[in-house]
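# A closer look at the structure
So you can see what is in the structure, the chains are spelled out below.
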Amino acid sequence: MSKGLTRSEVAELIKGMTGKILITTHKNPDGDAIGSSLGWYHFLKKLGKEVKIFYRDRIPYFFDFLPGVNEVESGPEIKGEFDWVIITDVSDPKRTGFENIPAKKSLVIDHHITAEPFTDYYIVEPDISSTCELSYGIMKIAEPELIDTPIATSLYTGIVTDTGSFNYSNTSPRTLKIASELLERGVEPYRVYSSLFERNRINKFKLLELVLKTLDFALNGKVAHITLYRKFLEETGAYPEESEGFISYPRSINGVEVAVFFKEVEGKGKWKVSLRSKGKVNVAKIAKKLGGGGHRMAAGYETEGDLKEIKSKLFKEIELALEESYYKSIL
Ligand code: 5GP
Ligand code: MN
């Protein structure tokens, strides 16, 4: 049985953890995944615990400024035995990318609305901007004086990336208050911003050029979609993670309600689909129906098969959701 905990209960649970603790997050880790897991890694070490941090996939280069990134190990399999595992920013065991996590007890810290408990303990707050924001709240209850500049920088980074630099609708007054508190703990916002967003390689722009050429529309311009074929990476020498943010182009088009990014994953016929909404359509619901999950405005899923069929199946779901939102608006 999985047990949901309050912030104070999580704070107590973490302080009381003994033995070997493993920290992990989801595959293809993003800023929130890396920031929250590294934040907890530093925090637990400061509590005097024995901690290891291990991911399925390597960390994109633009996160290399974060304190402790070099201590993160990665690979397809976790070796060793652990007393605890703390999994951050993960709503579904498949998302960790591991078939087996060798730990006696498990805790999830997450903010995904589609989350279904799969660990011994969990805290999931779907209304919060990011796992980093939630983690800060818990750390403040546990041992506020331990939150130093490295921890604050890790958490701030995840908040920045998950809120689109404080622009998305998940940005609340509390998010900005926490950002302010993190700055008081030594975060340098321009350093974070420039490290993340001002070190682009030219390969990224070559990739963007090819991907933007695939721009197409469906459902009378309500859906805009772009596609990244595997061969584009070979042609441009770009890394897969350098396509981060491309989806904001189709989303930014006037009249578009849902933006879609189809990415061909290594292995034949495998696709990663990213969805973004402008508010009318709950894309988390659609992603969940198709085997994934996420948030109201940003969600995704993985699938296999012919891209044409994948598209028509998805567009049918979006059409239904748009009709539903239309009837809701006139009733
Ligand atoms: P992105 O499109 O940037 O990869 O992901 C946007 C959001 O959708 C993520 O924060 C995550 O919540 C969710 N998401 C993306 N892909 C998947 C997936 O394959 N499974 C689940 N459960 N959620 C996903
Ligand atoms: Mn997140």
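Report follows, based on the coordinates. (Residues numbered from 1 in each chain as written. Chains lettered and ligands numbered in written order. Predicted model: local features only at pLDDT ≥ 70, side-chain atom pairs only at ≥ 80, totals over all residues. Heavy atoms only, no water.)

## Here we look at the coordination of the manganese ion (ligand 2)
Surrounding the manganese ion (ligand 2) are the protein donor atoms Asp 32 (OD), Asp 89 (OD), His 111 (NE2) and Asp 162 (OD), at 2.1 to 2.4 Å. Mapping the donors of the manganese ion (ligand 2) onto the primary sequence gives the spacing D-x56-D-x21-H-x50-D. Remark: Asp 162 occurs in helix α4 (residues 149–162) and Asp 89 occurs in the loop between β5 (82–88) and β6 (103–110); sequence separation between them is 73 residues. A relative accessible area of 3% places Asp 89 in the buried class. Judged by its relative accessible area of 16%, Asp 162 is buried. (Donors = N, O, S within 2.8 Å, 3.2 Å for Na, K, Ca; no water. Helix = DSSP H or I, 4+ residues; strand = E, 2+ residues; numbered from the N terminus. Buried < 20%, exposed > 50% of the residue type's maximum accessible area, 1.4 Å probe, protein only.)

## Comments concerning the packing of helix α3 (residues 131–142) against α4
Helix-helix packing is characterised by the crossing angle of the two axes and by the distance between the axes. Between α3 and α4, the least distance of the axes is 8 Å, while the angle of their chain directions is 145°. Residues Cys 132, Glu 133, Ser 135, Tyr 136 and Met 139 of α3 form the contact with α4, whose participating residues are Ile 151, Ser 154, Leu 155, Gly 158 and Ile 159. Of the residues belonging to the contact of α3 with α4, the class tally is 6 nonpolar, 3 polar and 1 charged. (Axes fitted to C-alpha atoms, helices over the stretch in contact; angles between N-to-C directions. Contact = heavy atoms within 4.5 Å. Nonpolar A, V, L, I, M, F, W, Y, C, P; charged D, E, K, R; others polar.)

## What about the sheet that holds strand β7 (residues 121–124)?
Read from one edge of the open sheet, 7 strands run β1-β7-β6-β5-β2-β3-β4, paired in parallel fashion. A strand with exactly one partner marks an edge of an open sheet, and here the two such strands are β1 (3–4) and β4 (73–74). Of the strands in this sheet, β1, β5, β6 and β7 are in contact with helix α1 (residues 7–15), which crosses β6 at around 145°. Lying on the sheet, helix α2 (residues 31–46) is in contact with β2 (20–24), β3 (50–55), β5 and β6; it crosses β3 at an angle near 165°. (Pairing = 2+ DSSP bridges.)

## Considering the pattern of salt bridges
For the structure shown, the criterion picks out 17 salt bridges. Measuring nitrogen to oxygen at the nearest pair gives 3.1 Å for the salt bridge that ties Glu 71 to Lys 45. With a gap of 26 residues between them, Glu 71 in the loop between β3 and β4 and Lys 45 in helix α2 connect regions that are remote in the sequence. The closest approach of N and O atoms between Glu 257 and Lys 280, which form a salt bridge, is 3.4 Å. (Salt bridge = Lys/Arg side-chain N within 4 Å of Asp/Glu carboxyl O.)

## Quick notes on the pairing of β5
On a regular strand, one side chain projects to one face of the sheet and the next to the other, so that they alternate. Most of β5 sits inside the fold, with 6 of its 7 residues counted as buried. Where β2 lies against β5, 4 bridges are found, and the strand directions are parallel. Bridging from a neighbouring strand, Ile 23 pairs with Ile 86 of β5. Where β5 lies against β6, 6 bridges are found, and the strand directions are parallel. Paired with Ile 87 across the two strands is Val 108, which belongs to β6.

## Observations concerning the nonpolar core
Counting residues in hydrophobic clusters, the biggest one holds 50 residues, and the most contacted among them are Ile 14, Leu 38, Ile 86, Ile 109 and Leu 182. The contacts of Ile 14, once residues within four sequence positions are left out, are Trp 40, Leu 44, Leu 47, Lys 49, Ile 86, Leu 107 and Ile 109. One finds Val 281, Tyr 301, Leu 314 and Leu 322 within the second-largest nonpolar core, a separate group that totals 22 residues. (Core = buried A, V, L, I, M, F, W, Y, C linked by side-chain atoms within 4.5 Å.)

## Concerning the packing of aromatic side chains
Geometrically, a pair of aromatic rings is defined through the distance of the ring centres and the angle of the planes. For the structure on display, the rule yields 13 aromatic pairs. Arranged with centres 5.9 Å apart and planes meeting at 85°, the rings of Tyr 229 and Trp 271 form a pair that is edge-to-face. Here Tyr 229, found in the loop between β9 (223–228) and α8 (230–236), pairs with Trp 271, found in strand β11 (residues 270–277); they are 42 residues apart in sequence, far enough to count as distant. A relative accessible area of 29% means that Tyr 229 is categorised as partly exposed. Since its relative accessible area comes to 5%, Trp 271 is described here as buried. Here the aromatic rings of Phe 246 and Phe 261 are separated by 6.3 Å at their centres, their planes lie at 20°, and the arrangement is stacked. (Phe/Tyr/Trp six-rings, centres within 6.5 Å; stacked < 30°, edge-to-face > 60°.)

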